[in-house]
Number of protein chains: 2
Amino acid sequence: MKNDNAREELISYISEKGFVYGPSPEIYGGVSGFFDFGPLGKLLKNNIENTIRKEFTKFQFYEIECPIVMPKAVWEASGHLSGFSDPLVSCQKCKSIFRADNLISEQSGDEVEGQDNKNLEKYFDGSKIKCPTCGEKISSKVSNHNLMLKTNVGIDTEMYNRPETATTSYLPFLNYLRFFRDKLPFGIFQIGNAYRNEISPRQHLLRGREFTQAEAQLFLFEEQKKDFEKFSEVENLKISMIKAHGKEIKISLKEALEKNLLKNKAYAWAIGITYSLFKEFGFEDSVLRFKQHEKMAFYADDAWDLEINLNSFGWTECCGVHDRTDYDLKVHSEKSGKKLVAAKENGEKGTPHIIEIAMGPNRILFSILDQCYNKKETDEGKTKLHLPKNMAPIKAAIFPLMKKEELQKVSNKIFEDLISDFVVQLDESGSIGKRYLRQDSIGTPYCITVDYDSLKDGCVTVRDRDSEKQERVKMEDLKNWLGKNI
Amino acid sequence: MKNDNAREELISYISEKGFVYGPSPEIYGGVSGFFDFGPLGKLLKNNIENTIRKEFTKFQFYEIECPIVMPKAVWEASGHLSGFSDPLVSCQKCKSIFRADNLISEQSGDEVEGQDNKNLEKYFDGSKIKCPTCGEKISSKVSNHNLMLKTNVGIDTEMYNRPETATTSYLPFLNYLRFFRDKLPFGIFQIGNAYRNEISPRQHLLRGREFTQAEAQLFLFEEQKKDFEKFSEVENLKISMIKAHGKEIKISLKEALEKNLLKNKAYAWAIGITYSLFKEFGFEDSVLRFKQHEKMAFYADDAWDLEINLNSFGWTECCGVHDRTDYDLKVHSEKSGKKLVAAKENGEKGTPHIIEIAMGPNRILFSILDQCYNKKETDEGKTKLHLPKNMAPIKAAIFPLMKKEELQKVSNKIFEDLISDFVVQLDESGSIGKRYLRQDSIGTPYCITVDYDSLKDGCVTVRDRDSEKQERVKMEDLKNWLGKNI
């Protein structure tokens, strides 16, 4: 169903149900690439971010938070000020503006992303490319459009909304070093917003101009990569991998290392924990693969993307694992004049390398909904979302069988008891059948009905979303029961 | 200890220990009003935000997330474009720029905040105000400096980093209404960043140019305020309150309502749950008070600030409870052309009112550290932070008595077992005494030591931060034990 209809259907469903609204601000017409997360979308996003937190914390990475707005000097040093741009062309007739590479790809079928402006202009010289708005042939120059959002702080300090969290995470390196008592390797991660001023982004949450990143950074000396001990914990994971210009193979990480598909244990470990994390989100093996970059950044030692096969948009990058070498710390040492180095075991000072795991919670959110929506059961217009239980926004809904005070009282008590540990919802309007449908349509795993028997035997009926089986559970056991089943 | 030394001492302590670094980016000299949250600071901030989440969720408020960057039309409508500004003066000689009202207050002792530019200029006409930088008398005009951070999106769409989350929370009102199935009252909340381009902010986290807000919005019809049922749950709370131009009294919310200190039950309920929330953060009654605004915004029906008595900065506003009436929804209805109304029980359409609870997690974080640092025990340079257990960044530290494989193995197993539920730390370097001190200095409530007896009896020694008492606990019970004690 990889077609426009499927996309529109999915996007309208998740808006209607309260997951994602937009483009935002809707009542003022909206600006492309900006979205509101509704009540269910925000709960799902929190589940995703908390799963990321939990997993990285397990590996003793510590979360940090750096400013979104950072001064020019930072982006000069990082290279974003000169290098972070898209190639644009404009139509001479109607003045519409387009991304040159996208326009060429769409109309010529050639993949030209990453080519320089001179090469792109050759396509326009031939005058085969037409303006999608007015139909005129386009023959303008290709110019660079920097993708950062510029602002001013104080009276005239030039600053930018960050284009990535990574750079901001590197700058306090010496503070981290003190916190970790000068011992490498250590890891930190940051979850926060970043900005890319794309020209007319059109892929919903997959291409936000404002978007959330979750980026983990492992700092270690180059010589620590080879014998990275924790690798043994993930070495038997079997993963689909596509080497640059190669074919897809399913291979264990141990084998991938032996066959030089991956270069060292530390990097392979990062691939492994990333894969495990995406399994935690509920994605099936068959829709996950790692693909090596065909064009590597000049400073990168290795780079693989985790892709998910979406029903709406096909294979989509949702995470990248990058060995950034000692490039970042060296550049910021040089430009700031502060020595971002650490002592090795032999006492020598050296610049640590960085292995980065960079993912987009918004893309993950969209992907989870994409996968569940495709597998939904629709029966006479009824839709059931089989969201993974750990990702479901509402864990359980509590129904008094009827709007009677004695049933409502017990339902309220159950609500108050459960809400401290689980996001649960009270729903008393409509028939029980209608209430089941309502919860199914937003993926709630369990519905708890309080009936007149409950007043006598202290039990409630718990109905399972997937099997639709019903079970009587003692009220006092409900919290444990839910804890075990979710 | 309300003096500059105390402030500097606190700020340097929380930087050294890994709570808050800055101004950020430090290695490039830093920009006032921007900070990094280090590993401990971010854990503390997460504890604060998750406590806010939990409390509001308990009251069936749903979290949402809106964009930080919003177009001009929004800020025109909200009034921020014309009205959200500070009065500035500049020194004719050295060109330094100052906030006019602050400069006047500092040098004349008069409280002039909120006065219009004409009034402020009278102080400068007298030429008694001198430039703090060069000493020259200042006689310049007072001009308005808008506090929003302006940027451009696409090619030329004027947008701004939001000055508050509130306005962005109001815009999707019709989406919320659908989610709540057209039934009022309902509540939503948003936690996210906002920006104020202050001229030379100097109060550390209390005046960030980038800062986090947590703002809850209760939507209800005016006539629903009077008989707001949930009020009964908080009516007996006794709170210190200062009415505008009045004296501080300690009074129950029920009495406050009877004596017309507060206008209605819905608003009094908002005051009550705010107060309970700040008690959850661990603040003592004696440092908390509510103070009514002396100058109310023209559209506000009532407004009280929750203030905390800080050792470093004195009474400081950390939260505001505002009855914003139907002003916001009416303004955005008018400017957007979309009718932001809902149906009352009698079928009539009406514009809901909004009661807002607006707080700053960064201020709360700073206040928690301020309170604990003041009460720290310092013994021969040793510092112990009595952080509330639910706020402590690290809940427990695990120490193998010595660096021996058999002890490390057991310690690692305990770590892996606990880390899925609690943020715990492994620490094996230095004497046990030194490790206790290290954990005391960052407020860790419990230290768990694995010794040779542990290998025989399966028990570990748990040491309590506050009482310093030690207790033997079975390893298999540790998770439950911590759960109960934190």
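It should be emphasised that the depicted structure is a prediction, and the values quoted were computed from it without experimental measurement. (Residues numbered from 1 in each chain as written. Chains lettered and ligands numbered in written order. Predicted model: local features only at pLDDT ≥ 70, side-chain atom pairs only at ≥ 80, totals over all residues. Heavy atoms only, no water.)

1. Concerning the overall build of chain A
Each helix and strand in chain A was counted, giving 16 helices and 26 strands. Here chain A has a C-alpha radius of gyration of 26 Å; the compact-globule value for 486 residues is 23 Å, and the two agree. Considered along the principal axes of its C-alpha atoms, chain A spans approximately 75 × 65 × 55 Å. Here chain A holds 486 residues, and the buried ones make up 59% of them. Summed over all atoms, the accessible surface of chain A reaches about 20,500 Å², with 45% contributed by carbon and sulfur. (Helix = DSSP H or I, 4+ residues; strand = E, 2+ residues; numbered from the N terminus. Rg over C-alpha atoms; globule rule 2.2 N^0.38 Å. Buried < 20%, exposed > 50% of the residue type's maximum accessible area, 1.4 Å probe, protein only. Areas by Shrake-Rupley, 256 points an atom, 1.4 Å probe, with all protein chains shown as cover.)

2. Focus: the interface of chain A and chain B
In this assembly, 79 residues from chain A lie in contact with 79 residues from chain B. Summed over both partners, the interface of chain A with chain B buries about 6,600 Å², with 60% contributed by carbon and sulfur atoms. If you sort the residues of chain A by the area they bury against chain B, Ile27, Tyr28 and Glu65 of chain A come out on top, with a joint share of 13%. Measuring nitrogen to oxygen at the nearest pair gives 3.5 Å for the salt bridge that ties Arg181 of chain B to Asp427 of chain A. Linking chain A to chain B there are 31 residue pairs in polar contact (both at pLDDT 80 or more). When residues in the side of chain A that touches chain B are grouped by element, the largest group, 10 residues, is from helix H2 (residues 39-58) of chain A. Here the residues of the side of chain A that touches chain B sort into 38 nonpolar, 21 polar and 20 charged. (Contact = heavy atoms within 4.5 Å. Buried area = accessible area lost by both parts, 1.4 Å probe. Salt bridge = Lys/Arg side-chain N within 4 Å of Asp/Glu carboxyl O. Polar contact = N/O pair within 3.5 Å; in protein donor to acceptor, adjacent residues only side chain to side chain. Nonpolar A, V, L, I, M, F, W, Y, C, P; charged D, E, K, R; others polar.)

3. Here's the deal with the confidence of the model for chain A
Residues of chain A with pLDDT of at least 70 account for 98%, and the chain-wide mean is 95. Confidence estimates for the predicted assembly give a pTM of 0.96 and an ipTM of 0.96. (pLDDT = per-residue confidence, 0-100.)

4. What about the relation of the copies chain A and chain B?
There are two copies of the chain, and a rotation about an axis plus a shift along that axis relates them. Superposing chain A onto chain B requires a rotation of 180° together with a translation of 0.0 Å along the rotation axis, leaving an RMSD of 0.1 Å. What the rotation and shift describe, once combined, is the action of a two-fold rotation axis. When C-alpha positions in chain A are compared against the rotation axis, the closest is assigned to Thr151 of chain A, at 2.6 Å. Here 100% of the contact residues of chain A are again contact residues in chain B; the copies associate through an equivalent surface. (Least-squares fit on C-alpha atoms with pLDDT ≥ 70 in both.)

5. Digging into the sheet that holds strand S9 (residues 157-161) of chain A
Residues and elements named next belong to chain A. Taken in spatial order, the 3 strands of this open sheet run S4-S9-S8, and their pairing is antiparallel. The open sheet terminates on both sides in strands that have one partner only, identified here as strand S4 (69-71) and strand S8 (149-153). With strand direction ignored, the average angle separating the axes of adjacent strands in the sheet is 40°. Of the strand pairs in this sheet, S8 and S9 are connected by 5 bridges, and their pairing is antiparallel. Across the sheet, Lys150 pairs through a bridge with Tyr160, a residue of S9. (Pairing = 2+ DSSP bridges. Axes fitted to C-alpha atoms, helices over the stretch in contact; angles between N-to-C directions.)

6. Points about the environment of Gly18 of chain A
By secondary structure assignment, the location of Gly18 of chain A is in the loop between helix H1 (4-16) and strand S1 (20-21). The sequence separation of Gly18 of chain A and Gly79 of chain A amounts to 61 residues, and the corresponding C-alpha distance is 39 Å. If we skip the residues at most four places from it in the chain, Gly18 of chain A touches Gly38, Pro39, Leu40 and Gly41 of chain A together with Phe179 of chain B.

7. A short note on the packing of helix H5 (residues 100-108) of chain B against helix H6 (residues 117-125) of chain B
Residue and element names in this part refer to chain B. Orientation of H5 relative to H6, taken along the N-to-C sense of each, is 50°, at an axis distance of 10 Å. Here H5 is positioned oblique relative to H6, judged by the angle of their axes. When you trace H5 past H6, the crossing you get is left-handed. Every residue of H6 that contacts H5 at Ala100, Asp101, Leu103, Ile104 and Ser108 is listed here: Leu120, Tyr123 and Phe124. Its residues assigned to classes, the contact of H5 with H6 comprises 6 nonpolar, 1 polar and 1 charged. (Parallel < 35°, antiparallel > 145°, perpendicular 65-115°, else oblique. Left-handed = near helix turned anticlockwise from the far one by under 90°.)

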